[in-house]
Amino acid sequence: MTAGLWELVLQGTTTTLQLLVYSALLTLVVAFVVGAARTHRSRLARFLAACYTEVFRGISALVMIFWVFFVLPVAFGWQLVPMWAGTLALGLTYGAYGAEIVRGALAAVDPAQREGGIALGFSPWQRLRLVLLPQAVPEMIPSFSNLLVELLKGTALVSITGMGDLAFSGNLVRLALQQSGRIYAYLLLIYFVIAFLLTRGMRVLERRLKAEVAR
Amino acid sequence: MSWDWGAVADFLPYFVSGLVVTLEALALGSLISFALGLVWTLLLRTPTRWVRWPVGVLTEFVRDTPLLVQLFFLFYVLPEAGLTLSPLTTGVIGLGLHYSTYTMQVYRAGIEAVPPGQWEAATALSLPVRRTWAAVILPQAVRRVVPPLGNYVIAMLKDTPMLMTIGVLEMLGRARLVSQQHFQFTEPLTVIGIAFVVVSYLASLCLRTLERRLVR
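Treat the numbers as computed from the prediction; the structure is a model and nothing was measured.

### Considerations on the interface of chain A and chain B
Moving on, step 1. Listed as interface residues are 38 residues of chain A and, on the opposing side, 35 residues of chain B.
Moving on, step 2. In total, about 3100 Å² of surface goes out of reach between chain A and chain B, with carbon and sulfur atoms giving 75% of it.
Moving on, step 3. Counting every contact that joins chain A to chain B gives 11 residue pairs in polar contact (both at pLDDT 80 or more).
Moving on, step 4. The set of elements that each furnish at least two residues to the side of chain A that touches chain B consists of α2 (43–58), α3 (61–76), α6 (124–155), α7 (166–177) and α8 (181–214) of chain A.
Moving on, step 5. Looking at the side of chain A that touches chain B, the element that brings in the most residues is α3(A), giving 10 residues.
Moving on, step 6. Residues of the side of chain A that touches chain B, tallied by class, amount to 26 nonpolar, seven polar and five charged.

### Quick look at the packing of helix α1 (residues 5–44) of chain B against helix α2 (residues 49–64) of chain B
Residues and elements named next belong to chain B.
Moving on, step 1. Direction vectors running N to C along α1 and α2 enclose 140°, while the axes themselves pass 8 Å from each other. Of the possible angle classes, the one that applies to α1 and α2 is oblique. Considering how the two elements wind past one another, α1 and α2 form a crossing that is left-handed. In this structure, α1 contributes Trp40, Leu43 and Leu44 to the contact, and α2 contributes Val51, Arg52, Val55, Gly56, Leu58 and Thr59.
Moving on, step 2. Of the residues belonging to the contact of α1 with α2, the class tally is six nonpolar, two polar and one charged.

### Side note on the UniProt feature "transmembrane region" (unreviewed entry) in chain B
Residues and elements named next belong to chain B.
Moving on, step 1. Per the UniProt record, the feature "transmembrane region" (unreviewed entry) sits at residues 12–43 and 189–210.
Moving on, step 2. Taken end to end, residues 12–43 is 100% helix and 0% strand, and its first and last C-alpha atoms sit 46 Å apart.
Moving on, step 3. In residues 189–210, helix accounts for 100% and strand for 0%; the two terminal C-alpha atoms are 32 Å from one another.

### Comments concerning helix α7 (residues 171–182) of chain B
All names here are of chain B.
Moving on, step 1. Relative to the 16 Å expected for 12 residues at 1.5 Å per residue, α7 spans 16 Å between its end C-alpha atoms, a close match to the ideal helical length.
Moving on, step 2. Listed in full, the buried residues belonging to α7 are Met171, Leu172, Gly173, Arg174, Ala175, Val178 and Ser179.
Moving on, step 3. One side-chain oxygen at the N-terminal end of α7 lies 3.0 Å from the backbone nitrogen of Leu172; it belongs to Glu170.
Moving on, step 4. Directly beyond the C-terminal end of α7, a positive phi value near 50° is found at Phe183.

### Side note on the UniProt feature "transmembrane region" (unreviewed entry) in chain A
Residue and element names in this part refer to chain A.
Moving on, step 1. Under the UniProt annotation, the feature "transmembrane region" (unreviewed entry) is placed at residues 20–37, 58–81 and 183–199.
Moving on, step 2. End C-alpha to end C-alpha, residues 58–81 measures 25 Å, and it is 71% helix and 0% strand.
Moving on, step 3. Along residues 183–199 one finds 100% helix and 0% strand; the C-alpha atoms at either end are 25 Å apart.

What counts, and where the lines are drawn
Residues numbered from 1 in each chain as written. Chains lettered and ligands numbered in written order. Predicted model: local features only at pLDDT ≥ 70, side-chain atom pairs only at ≥ 80, totals over all residues. Heavy atoms only, no water. Contact = heavy atoms within 4.5 Å. Buried area = accessible area lost by both parts, 1.4 Å probe. Polar contact = N/O pair within 3.5 Å; in protein donor to acceptor, adjacent residues only side chain to side chain. Helix = DSSP H or I, 4+ residues; strand = E, 2+ residues; numbered from the N terminus. Nonpolar A, V, L, I, M, F, W, Y, C, P; charged D, E, K, R; others polar. Axes fitted to C-alpha atoms, helices over the stretch in contact; angles between N-to-C directions. Parallel < 35°, antiparallel > 145°, perpendicular 65-115°, else oblique. Left-handed = near helix turned anticlockwise from the far one by under 90°. UniProt positions renumbered as here; feature names shortened; annotations may be inferred. Expected span 1.5 Å × (residues − 1). Buried < 20%, exposed > 50% of the residue type's maximum accessible area, 1.4 Å probe, protein only.

Right, here's the structure in full:
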């Protein structure tokens, strides 16, 4: 492989990482909003949140990406920049999985903690922010770590719409060199290294957060 | 937003045959992942470290890298190695291999969840290893294994559209052909989106029923 082709792969890696960061942020926001709504007092909020998770977990991520890229512009006249379209499709889909993680972790907090918050006269928002989340968040980390790896793998799907991410640049290199085995092996290796670093980083984060709760 | 019901009626039969391809890939991919996952689990339980170590690294690698790139890898590398398979066969192998690294963990958890007393009792009765597995361990493990395996089948269903990229005409592949020919994106893509929600919702309902029966 020539230096130019490696540069292409490097650019693809940067785009993939960028997409990963943006969609991870959106995933997190969706997960916490929808997950908290599933434990809300109002029945309507719970129902809407449940509908959201059922629908977005039911649709395939790839179908969702096609929908955002091809249906939104034609049907609604919203043409998004590829990076934002990819972020939207991935964030909405993986956010639905994240919502289940948040819901599970909130449900796993000892009910006495919630009652303690009520006894102290905390508002629901204060209860969530000061009592429930600090205990629930460290429990969420291992599941979110898995979800992050799934999201990383999901970013490769966006390459089908022609976004210049790692999987896409790998295809270009393959076409340039007319040899496939080596190129795809390199790609898999790069994805694996990113995933490895992500899971290690999340493990460190988990240890820190748990130490804080123990204090 | 305009919606053309006539177009929906026109391409619906075409999508239904795409759904058949999707379900075919799902069934075969699931079978491969169930079998291969069991093989990995058993290999990881062997006493030899020279077997466990490579299997552990390989499965972790497969689990943490994108299925899409794995499909490309198989699709372009197998012919280079002198093995030319149809797109559907390649796709099924890819799905099965990828998901076997997930089912493997399910089996492991299922086997580990059988109380150690059961192993000890089998030893006390001096049951041979084979009978211990067949009569004591597996019947108890299966009950715990079925629900999570079902979850992975549903997850696999949602990954089948990726087979489009190597030329399998499943639902999304057909939707793409139709939308390019007629320059109509809204109807085909929305219809298959709904189809996926319906199929995976039905599948999860079936799974919940099955779960309740098994736990009882």
